[in-house]
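# Close look at the chain arrangement
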Amino acid sequence: MSEFDPNRIEVLSASEAVRRRPGMYMDPELPGLASVLAMQSLCHAVDEAMDGRCTSIRMQVDGERVSVHYDCGMPLHVDHEYPGRTVAETFLRILGACSSRKKHIEIGSQLCQIGLGVLNPMCAEMEVEIVDEGHWTRLRFERGVQQWPCVVQPADRPDGTWMEFSLDTSVVADPVLREET
């Protein structure tokens, strides 16, 4: 057995931890894993639908690319638990953040098994555009890493969330989405 060497300790970001050890977050042998991951993108929309705030959810699959649109926004105000970022950024970057903040616990247990914060690092890329309560932003992630700062601007468009992503084949071996799943 080798001795403990504190110089070999490596601190990983949450995204890198998911990417290096995806088996800690889900079963990599699960049949239809890509489809299960794609369904995670709907957890916020369904939670809001339970309150009547979201009335339309659309998912489109084009090969390995998934597009989701629903008619309510993710919150764009500053997150009181993570100052310096919006609640939407927290949902997309912090492991378990969206699932632990569900208003309807049954959504968290049935649909949001791993949450957006785990889905995001499993994607080669993810783009999200959000309009919420008169505010707008666009976020881009590559392998779970936010590519530019979140800039929230005024908007005069209806609330909505548009999300597009493709799973990263270096993390998810079979990125094919299956309708039966």
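Refer to the structure printed above.
Residues numbered from 1 in each chain as written. Predicted model: local features only at pLDDT ≥ 70, side-chain atom pairs only at ≥ 80, totals over all residues. Heavy atoms only, no water.

## Looking at the pattern of salt bridges
If you walk through the whole model with that rule in mind, you get 14 salt bridges. Here D168 makes a salt bridge to R19, at a shortest N to O gap of 2.7 Å. One end of the pair, D168, is in the segment after β7 (160-167); the other, R19, is in helix α1 (residues 14-20), and 149 residues separate them in sequence. You can call D168 buried: its relative accessible area is 4%. By relative accessible area, R19 is classed as buried at 16%. Salt-bridge contacts for E164 lead to R65; the nearest nitrogen and oxygen are separated by 3.4 Å. (Salt bridge = Lys/Arg side-chain N within 4 Å of Asp/Glu carboxyl O. Helix = DSSP H or I, 4+ residues; strand = E, 2+ residues; numbered from the N terminus. Buried < 20%, exposed > 50% of the residue type's maximum accessible area, 1.4 Å probe, protein only.)

## A few points about the layout of surface pockets
Approximately 200 Å³ is the volume found for the second largest pocket. Together, R58, Q60, S67, V68, H69, E127, V128, E129, R138, W162, M163 and E164 line the second largest pocket. Mapped by element, the contributors of at least two residues to the lining of the second largest pocket are β1 (57-62), β2 (65-70), β3 (123-132) and β7. (1 Å grid on protein atoms, 1.4 Å probe; cavity = no way out; pocket = protein on both sides within 12 Å on 5 of 7 lines; lining within 4 Å. Points joined across faces, edges and corners; volume = space filled by probe spheres on them.)

## A look at the environment of G144
By the secondary structure assignment, G144 is in the loop between β4 (135-142) and β5 (145-146). Along the chain, G144 and A17 lie 127 residues apart, while their C-alpha atoms are 11 Å from each other. Excluding its chain neighbours within four sequence positions, the residues that come into contact with G144 are S15, N120, P121 and C123. (Contact = heavy atoms within 4.5 Å.)

Any functional reading would require information beyond the geometric quantities listed.
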